[in-house]
Structures are given as C-alpha cells and as structure tokens.
Amino acid sequence: MAIQHFDVLIIGAGLSGIGAGCHLQKRCPGKTFAILEARETIGGTWDLFRYPGIRSDSDMYTLGYSFRPWTRGKSIADGPDILDYVRDTARDSGIDRKIHYGHRVIQHSWNSNDATWTVEASHGEKGETVRFSCNFLINCSGYYRYDEGYTPEFPGRDEFRGQVIHPQHWPEDLDYRGKRVVVIGSGATAVTLVPSMTEEAAHVTMLQRSPSYIVSLPDVDVIARFLQRLLPGIAAYRITRWKNVTMQMLFFQACRRFPGLMRKMIRRQLLRELGPDADIDTHFNPSYDPWDQRLCMVPNGDLFRALRKGDAAMVTDHIDRFTSDGIRLASGRELKADIIVTATGLNLVAMGGARLLVDGKEVNLPETMGYKGMMLSDVPNMALVVGYTNASWTLKADLTEEYICRLINHMDEKGYNICVPKKDPDVQEEPFLDLDSGYVTRALAHLPKQGDRSPWRLYQNYLLDLLNLRFGRVEDGSMNFCRARRSQTEEDTSNQVA
C-alpha cells in the first residue's frame, strides 16, 4: 500500500487535535495536513466519558479555544455541550474533512536522511497496518490510556453480587433508579458523579481514602454575560478570558505562597456550605497543602447540597474488602451497595503508548527532557501538546500550537527542514509534573523529565508562557536547525549540474 505524505500529521481528534488543525490552517495556509484518530468520532475525552453529570472542571472561557468564543450560557459546561463545541469547530473550519478515523498509531519513526517521519497505524477490524509520512509531527493524543482506567486490586471483588463500573467505561443502559450506590474516589469524577446520581438513586455514598480540597463556584459567569450584552462577541470573550486567567493565576500563587491562609479560606467556605455541624476535619481536611494536588470544583455547591439534604453521604475510611452485599471498611463498618463505581483515576501514558524511534533507535522517554513543555530533547520535528495542571488545558494547548506554526514558518523562511532541541548537560533533571496526585506519581518513572531552568522548565504559568512562546526567540541556543543530509546532497548535485 502506498504511503500517504503530508507536511504535518496530527495524532488525535480531540480538543487539542482540532485546535491544532485550526491553527495550522490559519497560520500555515500552504501546508498539507491530516489528523489520525484512533476512534470513530471527534471529541476525545468529551466523547469517551459518558457518566452522569460529566462536565468541565475549568471555566469554558479559558477551556475554549482562543479563536472561537464560547457563547453558551454556562461557564462550567456540561460534557455534551463541550463535545458540540469541539465538533462545531471542526465542521465550521472544514477540519473534519481531514480526519482519518479508526487509525490507532502504533509507531513513529524518524529518518534524518530525508527529514521525514513515518507513522504506522492499525486500521480496521483486522488491524491492517497502514503508513503515513510527514515532515512535522504533532501529538495530541492526550495523557491517559483510552482503553482502560485505573482500578486498584480490591480483595473480594469477585464476591460482590452487584455491578462494578469504572466511569471511563460507563454502560449506556445502566439503570440505577432506586439503587444504593457507592462511589469510590475523591477526585473530580467522584464529586461530579455523586450529586448527579442522587436524582435517581436511592442513596449515594462517596467513599474516600483521604480528603481532597473541594471548592464551590457558580456555573454562570455574570461578568461575562454583562460584557456579552455590552461588547462585540470576540471582545467580550477575550476580556472574560483574561479576567479568568488572572484569577486562576492569583489563586494558584496564593495557594503556593500562603497555604495556611488559603486552607482557612477554603474551610470557611465549607462551613458556609455544609453548616457548623459538618465533620470537616474528617472529610474535607487534606493532609497536603492546596494545589499540591489539583483542586476539585463543584458548580453551585451541588455536592454540598446533596450532602445537606441527606441524598448523599461522605465516608472517609480504608477498604478492607468487597463483600457479597457491598464493602467492608477497615473500621469494621459495612457499606451496603447494589452498584459500586470505581472513580479511582486514570492510567497515564505518553504518546498514546506508541513506539518512538529516531534513526532506527527506540527513544526511552524517561531519558529525554521536555523543551518548552512541548518537544523532547534529541527528537526532531515533533511536538507534544500538553495542557496545564493548574489551569485550563486549552490555554497551554493554544500557545503550543501557535508556537509550532511559528516554528514551521521560521524553518521555511531560513531554508531548514530539521529542528531538534539539544539539552545543555549542566541542566539538572526534575520530575516532569509537579503534582502529588496518585495518577501522576504512578507514571512519573515512564515520563520525560523537565529541567531546572528555561527553556527546559515547565512553569505552569500562562503569562510567562505567553511571553516566551509568542514573543521569545525561536533560535534560542537550545534549538538546533539544519538541512537533511539527503536534501543537502541533492542541492549540491543540482548546483554542480547547473
């Protein structure tokens, strides 16, 4: 089968992949590109997850694209609305016509002689291997495994007579009306599921091993609505976006610099939401400081309302084992359940689990270092789109994709066809992600490193990234540029003939 060639290949047709296509189309209009998507539809995370109440944990004025205003009513949006937004963006820009569905990438191979990537993908029910080639590769496959979520080994699981479900694989026909439900977990998925399921379940219990920080925010941005009535749509969107970016950065910095004060502020909000009799020290008082792990957000305090009404309960304890009727805890208490939901996290994976080879040698990701949070040391012409951990994903994705276009255009202007970050040996290695969350610590040994200084450090700061990526020098001393050996030879031969 012939290899299809494009100037740029994008891996993944989720929020980041569609955004990358839009940026390329606008900023590099002469480039051909295609998107390879493992599944049969657009949307990535927002199509995969189907559990009750699925929603964003960031406001849509920053989770939305910089180039396409979010115009729907809710700032904290429901999953189906976000999916419509991504699909509408793809359709209106024509990006949907550039997607190759059902192509799960299994290997990327770089050849320095002709400055091309060969991408192998498994396609169809029989897993036929098809190949594409490109000059630049953009990986937008996300950071977790789509085929399985993380579930710890629970003793006695096979004894339980009810259903055990992971939110990543929610059955479309699940009937939990009048059922007793236990949701295991304390993260964003758990705090979303619990109030949503109380509408039909007999009772829902949130079982957590240890507490998380949970804060309440309104799901409608009244300032954004006021600006939308006063100003043209794009102007109102940009002002709201910057307002929310500023608030996110200030809150994060306050948590890092004044953790004791911020802990007290969060506690005061919890007392207002739950009342003075709530056992906050047991259920809402984490052992770590705010933003050592990602905070959980509940719109309009819906979780707290469910707890106040008695439709839901919070239990903080360790699991001893599953029983035939539910879960026995380390304290000896037994929670009766008809359905157990294991909202226990994700399995992180880089590059969608595909192999990465440079000139025939397999790249060991933990031996590489991230450059500007988007490229890998000694890996040419490839970028990874990775969002923020302390703010909306798309803020960083937009900047990354804008910079990639800038980099590609710079190479064209200067006559280069290879760019590769080269690490200074004096740069000290640090973990790629500065979070203590379980899904992060489980995966750190398999991820690239970051450095202790720019451009190898991940600052998790939108303003710094904006200055560096939009206005910083492309040729910064760490990025090396050249022409491929074959291209140079062909050029020399052509000159000799002439």
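Scope of this entry: the structure provided in the associated data block. Bear in mind that the values here come from a model prediction, so they are computed numbers and not experimental data.

A few points about the pairing of strand β5 (residues 116–123)
For β5, the buried fraction is high: six of the eight residues fall into the buried class. Pairing between strand β4 (residues 103–111) and β5: eight bridges, direction antiparallel. From the neighbouring strand, serine 109 faces β5, where its bridge partner is threonine 118. Hairpin connection, β4 to β5: the antiparallel pair is bridged by four residues, and alanine 115 has positive phi, about 55°. Bridge count for β5 against strand β6 (residues 128–139) is seven bridges, and the pairing is antiparallel. From the neighbouring strand, alanine 121 faces β6, where its bridge partner is valine 130. In sequence, β5 turns back onto β6 through a hairpin of four residues, with glycine 124 there showing a positive phi of about 80°.

Description of the side chain of threonine 89
Position of threonine 89 relative to the elements: it lies in helix α4 (residues 79–93). Since its relative accessible area comes to 2%, threonine 89 is described here as buried. Among the polar contacts made by the side chain of threonine 89, one reaches the main-chain carbonyl oxygen of tyrosine 85 at a distance of 2.7 Å. If we ignore the near neighbours within four places in the chain, the residues touching threonine 89 are Ile18, Cys22, Tyr65, Phe67 and Arg68.

Looking at the environment of isoleucine 280
In this structure, isoleucine 280 sits in helix α9 (residues 280–283). Considered as a pair, isoleucine 280 and leucine 270 are 10 residues apart in the sequence and their alpha carbons are 7.6 Å apart. Setting aside chain neighbours within four positions, we find isoleucine 280 in contact with Arg267, Leu270, Leu271 and Asn285.

Description of the sheet that holds strand β7 (residues 163–165)
The sheet built from five strands is open, its strands ordered β7-β16-β8-β9-β12 with parallel pairing. Each having just a single partner strand, β7 and β12 (312–316) make up the two edges of the open sheet. Across the sheet, the axes of successive neighbouring strands diverge by a mean angle of 20°, strand direction being ignored. Note that strand β8 (residues 180–184) and strand β16 (residues 339–342) share four bridges and pair parallel. Note on β16: the bridge partner recorded for valine 182 is isoleucine 340. Its contacts with the sheet place helix α5 (residues 188–197) against β8, β9 (203–208), β12 and β16, and it is angled at close to 165° to β9.

Regarding the nonpolar core
Counting residues in hydrophobic clusters, the biggest one holds 105 residues, and the most contacted among them are Ile18, Phe136 and Leu407. Among the elements that line this core, the one with the most residues is helix α11 (residues 393–414), at 10 residues. If sequence neighbours within four positions are ignored, isoleucine 18 has contacts with Ala13, Ile35, Ile42, Tyr65, Val86, Thr89, Ala90, Ile95 and Ile99. Among the nonpolar cores identified, the runner-up in size contains 27 residues, and Phe6, Ile11, Ala354 and Leu376 belong to it.

Quick look at the environment of asparagine 111
Relative to the helices and strands, asparagine 111 is located in strand β4. Of the residues examined, asparagine 111 reaches a relative accessible area of 29% and is grouped as partly exposed. Other than its neighbours up to four places away in sequence, asparagine 111 contacts Thr116 and Asp359. Within the local environment of asparagine 111, its side chain forms a polar contact with the backbone nitrogen of asparagine 113, the two atoms lying 2.8 Å apart.

Let's talk about the state of the cysteines
Applying the stated criterion to the full structure yields zero disulfides. Cysteine cysteine 22 is unpaired, with the sulfur of cysteine 405 as its nearest cysteine sulfur at 11 Å. The exposure class of cysteine 22 is buried, given its relative accessible area of 11%. The closest cysteine sulfur to the non-disulfide-bonded cysteine 140 is located on cysteine 405, 11 Å from its own sulfur. Judged by relative accessible area, which is 7%, cysteine 140 ranks as buried.

What about the sheet that holds strand β13 (residues 319–322)?
Spatial ordering of the open sheet is given by β13-β14-β15, a layout of three strands whose pairing is antiparallel. Two strands bound the open sheet, and with one partner strand each, they are β13 and β15 (334–336). Sheet twist, expressed as the mean angle between neighbouring strand axes with direction ignored, is 25°. Strand direction decides the pairing type here: β13 and strand β14 (residues 326–329), joined by three bridges, are antiparallel. Note that in β14 the partner of arginine 321 across the bridge is arginine 328.

Side note on the pairing of strand β22 (residues 418–421)
Side chains Ile418 and Val420 of β22 all project onto a buried face; the interleaved residues Cys419 and Pro421 project onto the opposite face, where all are buried too. Examined bridge by bridge, β22 and strand β25 (residues 479–482) share four bridges and lie antiparallel to one another. What sits directly across from cysteine 419, in β25, is phenylalanine 481.

Digging into unusual backbone geometry
In this structure, the amide linkage connecting serine 454 to the following residue, proline 455, adopts the cis form with an omega of 0°. Structurally, proline 455 can be placed in the loop between β24 (449–451) and α13 (462–471). Despite not being glycine, lysine 372 shows a phi value in the positive range, around 55°. Checked against the element boundaries, lysine 372 lands in the loop between β19 (370–371) and β20 (375–376). Take lysine 372: its relative accessible area is 13%, and that puts it in the buried class.

Description of the pattern of salt bridges
A complete count under the given rule lists 38 salt bridges for this structure. In this structure, aspartate 78 engages lysine 74 in a salt bridge whose closest nitrogen and oxygen atoms are separated by 3.4 Å. Residue aspartate 78 is classed as partly exposed on the basis of its relative accessible area of 29%. Under the relative-accessibility criterion, lysine 74 is labelled partly exposed at 34%. With its nearest N and O atoms 3.2 Å apart, the salt bridge here joins aspartate 338 to arginine 180. Of this pair, aspartate 338 sits in the loop between β15 and β16 while arginine 180 sits in strand β8; the two residues are 158 residues apart in sequence, bridging distant segments of the chain. Taking relative accessible area as the criterion, aspartate 338 reaches 25% and is therefore assigned partly exposed. We classify arginine 180 as partly exposed; its relative accessible area is 36%. A network of salt bridges, in which partner residues are shared, links Arg68, Arg72, Asp81, Asp84, Asp88, Arg91 and Asp92.

What counts and what doesn't
Residues numbered from 1 in each chain as written. Predicted model: local features only at pLDDT ≥ 70, side-chain atom pairs only at ≥ 80, totals over all residues. Heavy atoms only, no water. Buried < 20%, exposed > 50% of the residue type's maximum accessible area, 1.4 Å probe, protein only. Helix = DSSP H or I, 4+ residues; strand = E, 2+ residues; numbered from the N terminus. Pairing = 2+ DSSP bridges. Polar contact = N/O pair within 3.5 Å; in protein donor to acceptor, adjacent residues only side chain to side chain. Contact = heavy atoms within 4.5 Å. Axes fitted to C-alpha atoms, helices over the stretch in contact; angles between N-to-C directions. Core = buried A, V, L, I, M, F, W, Y, C linked by side-chain atoms within 4.5 Å. Disulfide = S-S within 2.5 Å. Salt bridge = Lys/Arg side-chain N within 4 Å of Asp/Glu carboxyl O.

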